[in-house]
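Structure assessment
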Amino acid sequence: MDINYNVFDLLGRRAFSPDRDRVALIYAGESRTFRELHERSCRTAAALAGLGVKPGDRIAVLMSNRHEWPEVFFGLAAMGAICVPVNVLLRGPEVRHVCADSDCSMLIADRAAERALSELDELPSKIVTVGEVEVPPSCSPISWEDAFAAAGTEPPEHHPAPTDTFIHYYTSGTTGLPKAAVHTHAGVLWNSYSQIADLGVTRDDIYLCVPSLSWAAGFHDVVLALMMVGGHTVLMPTGGASIEKVIDLTVEHDVTHTFLVPTLLKQLATNPELLDRARSSDLRWIVTGSEPVPATVIEALNNSLPGCDVVQGYGLSEFPTIAALLHADEAISH
């Protein structure tokens with residue numbers, strides 16, 4: 001890995017390669033190629049700079065899965081600002097703590113933030129709304145669409161170093177209020193790079209991203225690793241994930257890899273119709289984690305899906321994110 005390689009360079013390597021017109025992301029039937037994602041991320045960085053964001057500033061992001069989320073992610077990486085993902089499940093007081101503790105200068109929000117915003121007794125100094133968002137009467141939001149439309153497309157002059165901080169993930173793994181786990185550009189990249197071999201991802205693979213991008217398991221389970229090799233990700237809408245919808249998208253988009261929490265995994269194991277559809281699909285890896293998975297569930301899926309490996313992972317926001325991995329042949333004995 002180059003000594004000056006940062007998270008935005010990951011995208012640039014694909015955008016200025018023969019892979020530039022390959023699909024990087026799909027959401028709600030709309031795709032972004034690597035070139036388009038790079039251009040829009042540059043424009044996002046310019047829009048943020050136009051709103052006063054500087055290198056080192058902390059920017060809170062409370063959005064559902066959508067195309068703007070990766071554009072903000074890479075836009076912040078490009079300009080050297082620090083991304084502070086806010087868990088979409090948090091209520092107002094918890095969001096206030098994250099914004100105050102991180103000393104964020106701006107909150108970028110879509111409809112997923114409406115409930116939390118209505119509960120806040122103190123709002124961040126700048127709130128940027130993506131799409132139609134209901135905000136408190138005391139708030140004077142900035143329209144993301146207007147800022148983006150007015151911005152240029154030149155990449156920022158500032159080039160973050162690998163050792164620069166890129167992201168803060170708030171974790172409640174200990175007692176007390178959530179604390180920020182701080183990650184550098186290099187830390188994020190090395191974690192992603194290791195997954196290429198560990199998960200066997202190739203440029204021909206397609207990942208269905210079920211978790212929220214606001215969680216460490218969002219960007220850092222497979223998504224960035226797949227971008228490194230030129231594969232692409234299908235983003236699942238945030239909220240209300242069902243195993244039926246997962247299988248629908250898996251079949252529709254020829255998905256090869258996905259991440260399922262044990263609850264969804266158990267639902268799949270007991271549904272003969274969905275198992276039959278999964279068996280005839282291209283699915284060959286299911287990564288699971290967040291709680292222990294009963295051996296009976298693993299055995300049932302191994303028997304029902306002979307062409308698909310169920311792989312248990314262990315991770316934490318402090319890493320991020322996959323710190324240990326049990327391959328299919330290790331799952332029962334371990």
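Small disclaimer: the values here were computed from a predicted structure and weren't measured. (Residues numbered from 1 in each chain as written. Predicted model: local features only at pLDDT ≥ 70, side-chain atom pairs only at ≥ 80, totals over all residues. Heavy atoms only, no water.)

1. Quick notes on the pattern of salt bridges
Here is the rule we go by: Just to be clear on terms, a salt bridge is a Lys or Arg side-chain nitrogen sitting within 4 Å of an Asp or Glu carboxyl oxygen. Helix and strand labels come from DSSP, where a helix needs a run of H or I of at least four residues and a strand needs a run of E of at least two; each type is numbered from the N terminus. Think of it in three bands: residues with accessible area under 20% of the maximum for their type are buried, residues over 50% are exposed, and the middle band is partly exposed, with areas taken using a 1.4 Å probe on protein chains only.
This model, assessed by the stated rule, comprises 16 salt bridges. Its salt-bridge partner being Asp19, residue Arg203 comes within 2.2 Å of it at the nearest N-O pair. You can see Arg203 sitting in the loop between helix H7 (185-198) and strand S10 (206-209) and its partner Asp19 sitting in the loop between helix H1 (7-15) and strand S1 (23-27), a full 184 residues away along the chain. The exposure class assigned to Arg203 is partly exposed, which follows from its relative accessible area of 35%. On the basis of relative accessible area, Asp19 is assigned to the buried category, the value being 7%.

2. Section: the environment of Ala269
The test is simple: Throughout, a contact is declared for two residues whenever any of their heavy atoms are within 4.5 Å.
Within the fold, Ala269 resides in helix H11 (residues 262-269). Sequence spacing of Ala269 and Met227 is 42 residues, and the spatial spacing of their C-alpha atoms is 30 Å. Look past the residues within four positions of Ala269 in its chain and what remains in contact with it is Leu275, Val297 and Leu301.

3. Overview of the packing of helix H10 (residues 243-252) against helix H12 (residues 272-279)
Quick note on the threshold: Lines are fitted to the C-alpha atoms to define the axes, a helix being fitted only along its stretch in contact, and any angle between axes, read from their N-to-C directions, falls within 0 to 180 degrees. Angle categories are assigned with fixed cut-offs, so that under 35 degrees is roughly parallel, over 145 is roughly antiparallel, 65 to 115 is roughly perpendicular, and the rest are oblique. Each crossing gets its handedness from the near helix: less than a right angle anticlockwise from the far helix is left-handed, clockwise is right-handed. Polar here means any residue other than Ala, Val, Leu, Ile, Met, Phe, Trp, Tyr, Cys and Pro, which are nonpolar, and Asp, Glu, Lys and Arg, which are charged; Gly is therefore polar.
For the pair H10 and H12, the least separation of the axes is 10 Å and the interaxial angle reads 20°. For the element pair H10 / H12, the angle class is roughly parallel. Crossing of H10 over H12 shows left-handed handedness. Counting all contacts with H10, which are made through Ile243, Glu244, Ile247, Asp248 and Val251, the residues of H12 involved are Leu274, Arg277 and Ala278. Looking at the contact of H10 with H12, its residues break down into 5 nonpolar, no polar and 3 charged.

4. Focus: the sheet that holds strand S12 (residues 257-259)
Strands pair in a sheet through their backbones, by hydrogen bonds, and they do so in one of two ways: parallel or antiparallel. Stated formally: Strands are treated as partners if at least two bridges between them are detected by DSSP.
Pairing within the open sheet is mixed, and its 8 strands lie in the order S2-S1-S11-S10-S12-S13-S14-S15. In this open sheet, the two strands that pair with only one neighbour each are strand S2 (30-33) and strand S15 (322-326). The sheet shows a mean angle of 20° between the axes of neighbouring strands, direction not considered. As judged from the 4 bridges shared by S10 and strand S11 (residues 232-235), these two strands associate in the parallel manner. Bridging across to S11, Cys209 finds its partner in Leu235. Against the sheet, helix H2 (residues 34-50) makes contact with S1 and S2, and its axis sits at roughly 85° relative to S2, the strand it touches most.

5. Here's the deal with the packing of aromatic side chains
In plain terms, the rule: Note on aromatic pairs: the rings of Phe, Tyr and Trp (six-membered ring only in Trp) are paired at centre separations within 6.5 Å, and the planes decide the class, stacked below 30 degrees, edge-to-face beyond 60, tilted for the rest. Note on criteria: charge over ring means Lys NZ or Arg CZ within 6 Å of the ring centre, with the direction from the centre no more than 35 degrees off the ring normal.
In this structure the tally under the stated criterion is 6 aromatic pairs. Taken together, a centroid distance of 3.9 Å and an interplanar angle of 15° make the contact between Phe73 and Phe219 stacked. Taken together, the positions of Phe73 in helix H3 (residues 68-79) and Phe219 in helix H8 (residues 216-220) put the pair 146 residues apart, joining distant regions of the chain. Take Phe73: its relative accessible area is 0%, and that puts it in the buried class. By relative accessible area, Phe219 is classed as buried at 2%. Ring geometry for Trp190 against Tyr193: centres 5.6 Å apart, planes inclined by 85°, an arrangement best described as edge-to-face. Remark: Tyr193 and Trp190 occur in helix H7; sequence separation between them is 3 residues, near one turn of the helix. Residue Trp190 is classed as partly exposed on the basis of its relative accessible area of 47%. Three or more aromatic residues joined by ring pairs make a cluster, and in this case those are Trp69, Phe73, Phe74, Phe166 and Phe219. One Lys or Arg, Arg43, reaches over the ring of Phe148 and ends 5.3 Å from the middle of that ring.

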